[in-house]
Amino acid sequence: MRPAFNDPVFGAQESFRALMEAMARPGRIQRCDVLPDLPEALAPSAAAALLTLADAETAVWTDATGEAREWIAFHTGAPLVADASKAQFLLATGTMPALATLDAGSDETPQDSATLILQCETLAEGAGWRLSGPGIEHEHRLGAAGLPADFTAQWAANRQGFPCGVDLVLCAGARLAALPRSTRIEEAG
Amino acid sequence: MNAITPRNAPGNTPEHAYNFAYLDEATKRMIRRAILKAIAIPGHQIPFGAREMPLPYGWGTGGIQVTAAILGPRDVLKVIDQGADDTTNAVSIRRFFARVANVETTTRTAEATIIQTRHRIPERPLTEGQVMVFQVPMPEPLFRLEPRLAETRRLHALGDYSLAQVRLYEDIARQGESGSAYNHPVMVGGRYLMSPSPIPGFDNPKLHNSPALMLFGAGREKKIYAVPPYTEVRSLDFEDHPFKPMRAPQCCSACGSATSYLDEIVADDQGGRIFVCSDTDHCAETQGQ
């Protein structure tokens with residue numbers, strides 16, 4: 001079994017600050033590189049995000065198999081569920097599960113919605129989508145490669161349900177950026 | 001990037017008996033999950049399992065738990081109570097974190113990365129590198145209008161804030177202005193009515209489009225909520241009665257500032273009064289110039 005954080009306290013704290021900063025400023029890329037030795041299928045930023053947030057109290061869904069799945073089960077201690085709609089945290093290493101199938105919370109408890117940690121091929125600031133909404137002064141640009149072709153349509157539907165909706169953490173290698181449900185995405189024009 | 005030297009490594013801290021920043025890791029994870037959802041839903045109150053802290057409710061237990069969950073060894077912490085760094089509440093919370101987290105503390109607003117506050121926002125404009133943590137006694141802005149929490153949750157879900165508007169209307173009809181000089185409710189992102197905590201109305205405009213992230217913790221009421229940076233925050237008002245932040249018309253008798261928020265102090269037993277800045281760091285800085 002490959003290790004988790006070298007230091008469970010400061011590893012989690014540093015990862016959380018990257019996540020908090022990412023969530024507060026959607027589209028700004030943060031670095032989170034505290035897990036140097038991981039199963040091949042897991043990106044360091046995605047594994048750190050899950051390890052920071054998930055535990056025995058949270059249902060986790062993942063499409064990872066083999067060593068990566070065992071690593072997640074062992075180090076988070078979270079119950080792994082087969083049904084993505086029942087999960088509070090999801091880590092997708094391959095195809096993104098359709099956003100509409102995930103738990104979006106309810107009008108009274110929108111905080112019960114799922115957080116999807118999605119590994120993608122690349123993340124780049126300064127080009128790509130135009131993001132606006134809370135946390136963004138004028139406009140942030142973010143480019144992500146390796147997402148489904150209808151991603152922006154799915155996201156628009158997710159945004160439509162505000163205050164309900166899924167929150168997204170995009171991870172590529174040691175870099176991560178977040179899209180809270182409040183963020184509007186415009187395709188680059 | 002420099003490697004972190006854990007400041008609470010054995011032999012390096014006066015308090016070996018506690019985890020870094022007092023709370024255990026499972027509690028921090030629970031609070032961190034609540035904080036991320038709070039940022040994703042600006043102004044919405046998220047319930048959390050607030051722990052008993054080694055100080056009584058009403059002394060900032062909510063703010064302390066939020067600070068403990070985000071605090072790291074690279075942070076510089078400032079704590080203010082009504083703007084002052086040198087009052088009992090501020091001193092004891094600052095000492096608490098210096099002791100259980102061994103973090104650097106400061107009284108200078110400009111140097112701080114995390115500012116925990118009771119009832120003020122510093123005069124100096126905040127920056128993107130700073131996080132404000134507010135201590136909140138009563139997070140529910142509809143509390144005095146609707147006592148049933150189940151009902152207030154429903155009103156928030158429906159976005160039905162007519163009770164608060166009627167209350168404001170009645171204040172204006174009776175006395176010509178809003179009845180709340182502090183804790184004046186705000187609309188966040190045009191969706192949620194939120195208690196800004198008991199900050200004076202003077203500070204309400206600083207919540208709007210702030211470069212800094214604002215986190216709110218209520219320990220007794222077990223709620224966390226947030227205003228992300230650059231988010232629309234509008235004080236509740238009417239078109240024909242716009243919100244007016246209030247300030248005593250005097251100048252500070254220590255630094256002479258005519259723009260900062262002032263505390264009124266009884267100066268002698270003849271009824272004499274002076275006005276001084278509520279923000280002690282700002283006042284000292286202005287005096288030094």
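What you see is a predicted model; the values in this text were computed from it and never measured.

S.K.: Would you take a moment to explain the environment of Leu 236 of chain B for this structure?
M.R.: All names here are of chain B. Locating Leu 236 in the fold gives a position in the loop between β10 (233–235) and β11 (262–266). Between the alpha carbons of Leu 236 and Asp 171 there is a distance of 13 Å; along the sequence they are 65 residues apart. Leaving out residues up to four positions away in the same chain, Leu 236 has contacts with Ala 164, Leu 168, His 184, Pro 185, Val 186 and Met 187.

S.K.: Where do I start with the sheet that holds strand β3 (residues 89–92) of chain A in this structure?
M.R.: Two modes of strand pairing occur in sheets, parallel and antiparallel, and in both the strands are linked by backbone hydrogen bonds. All names here are of chain A. Spatial strand order, β1-β8-β7-β4-β3-β2: six strands in an open sheet with mixed pairing. Taken across any chain shown, the strands that pair with only one partner, and hence form the sheet edges, are β1 (30–31) and β2 (60–62). Note that β3 and strand β4 (residues 115–119) share four bridges and pair parallel. Pairing of Leu 91 across the sheet is with Ile 117, part of β4. Strands in contact with helix α1 (residues 8–24) are β1, β7 (167–172) and β8 (175–179); relative to β8, the strand with the most contacts, it is inclined by about 45 degrees.

S.K.: When you look at the nonpolar core in this model, what are you seeing that I'm missing?
M.R.: Membership of the largest hydrophobic core comes to 126 residues, with the highest contact counts inside it found for Leu 50, Ile 117 and Val 169 of chain A together with Ile 35 of chain B. What Ile 35 of chain B contacts, discounting residues up to four positions off in sequence, is Met 20 of chain A together with Val 66, Ala 69, Leu 215, Ile 224 and Ala 226 of chain B. Core analysis: the second largest hydrophobic core is formed by eight residues, Phe 202, Cys 252, Phe 275 and Val 276 of chain B among them.

S.K.: I'm lost on the packing of α1 of chain A against helix α2 (residues 44–53) of chain A in this one. Help?
M.R.: Pairs of packed helices are described in terms of their axes, by the angle between the two and the distance that separates them. All names here are of chain A. The geometry of α1 relative to α2 is characterised by a closest axis approach of 9 Å and an angle of 105 degrees between their N-to-C directions. It follows that α1 is roughly perpendicular to α2 by the angle criterion. Mapping the contact onto sequence places Ala 12, Ser 15, Phe 16 and Leu 19 in α1 and Ala 48, Ala 49 and Thr 52 in α2.

S.K.: Whenever I open this one, the pairing of β7 of chain A confuses me. Can you help?
M.R.: The side chains of a regular strand alternate between both faces of the sheet. All names here are of chain A. With six of its six residues buried, β7 lies for the most part within the structure. Residues of β7 alternate between two faces, with Asp 167, Val 169 and Cys 171 on one and Leu 168, Leu 170 and Ala 172 on the opposite face, all of them buried. Examined bridge by bridge, β7 and β8 share five bridges and lie antiparallel to one another. Residue Val 169 lies in a different strand from β8, and its bridge partner there is Ala 178. Joining the antiparallel neighbours β7 and β8 is a turn of two residues, in which Gly 173 adopts a positive phi near 60 degrees.

S.K.: Can you walk me through the domain arrangement of chain B in this structure?
M.R.: Accessible area lost upon the coming together of the parts serves often as the stated size of an interface. All names here are of chain B. By domain assignment, chain B separates into domain 1 (25–142 + 176–235) and domain 2 (247–289). For domain 1 versus domain 2, the separation of C-alpha centres amounts to 25 Å. Across the side of domain 1 that touches domain 2, the residue classes break down as four nonpolar, four polar and six charged.

Reading the values: the criteria
Within any chain, residue numbers begin from 1 and follow the written order of that chain's sequence. Labels are handed out in written order, letters beginning with A for the chains and numbers beginning with 1 for the ligands. Confidence filtering applies because this is a predicted model: local features only for residues at pLDDT of at least 70, side-chain atom pairs given and counted only at 80 or more, and all residues used for totals across whole chains, interfaces and linings. Starting at the N terminus, helices and strands are each numbered in turn, a helix being any DSSP run of H or I of at least four residues and a strand any DSSP run of E of at least two. For every residue pair, C-beta atoms are placed from the backbone, and the pair is scored as a contact if these atoms sit within 7 Å. Pairing between two strands requires that DSSP report at least two bridges joining them. Axes here mean lines fitted to C-alpha atoms, for a helix over just the part in contact, with angles spanning 0 to 180 degrees between N-to-C directions. Note on terminology: a nonpolar core is any set of buried Ala, Val, Leu, Ile, Met, Phe, Trp, Tyr and Cys residues joined through C-beta atoms within 7 Å. Counting other C-beta atoms within 10 Å of a residue's own tells you its class, since 20 or more makes it buried, 12 or fewer makes it exposed, and anything in between is partly exposed; those C-beta atoms are placed from the backbone. Oblique is the label for any angle not under 35 degrees, not over 145, and not in the 65 to 115 range, which are roughly parallel, roughly antiparallel and roughly perpendicular in turn. Domains are outlined according to an automatic or database domain assignment. Under the scheme applied, nonpolar residues are Ala, Val, Leu, Ile, Met, Phe, Trp, Tyr, Cys and Pro; charged residues are Asp, Glu, Lys and Arg; polar residues are all the others, including Gly.

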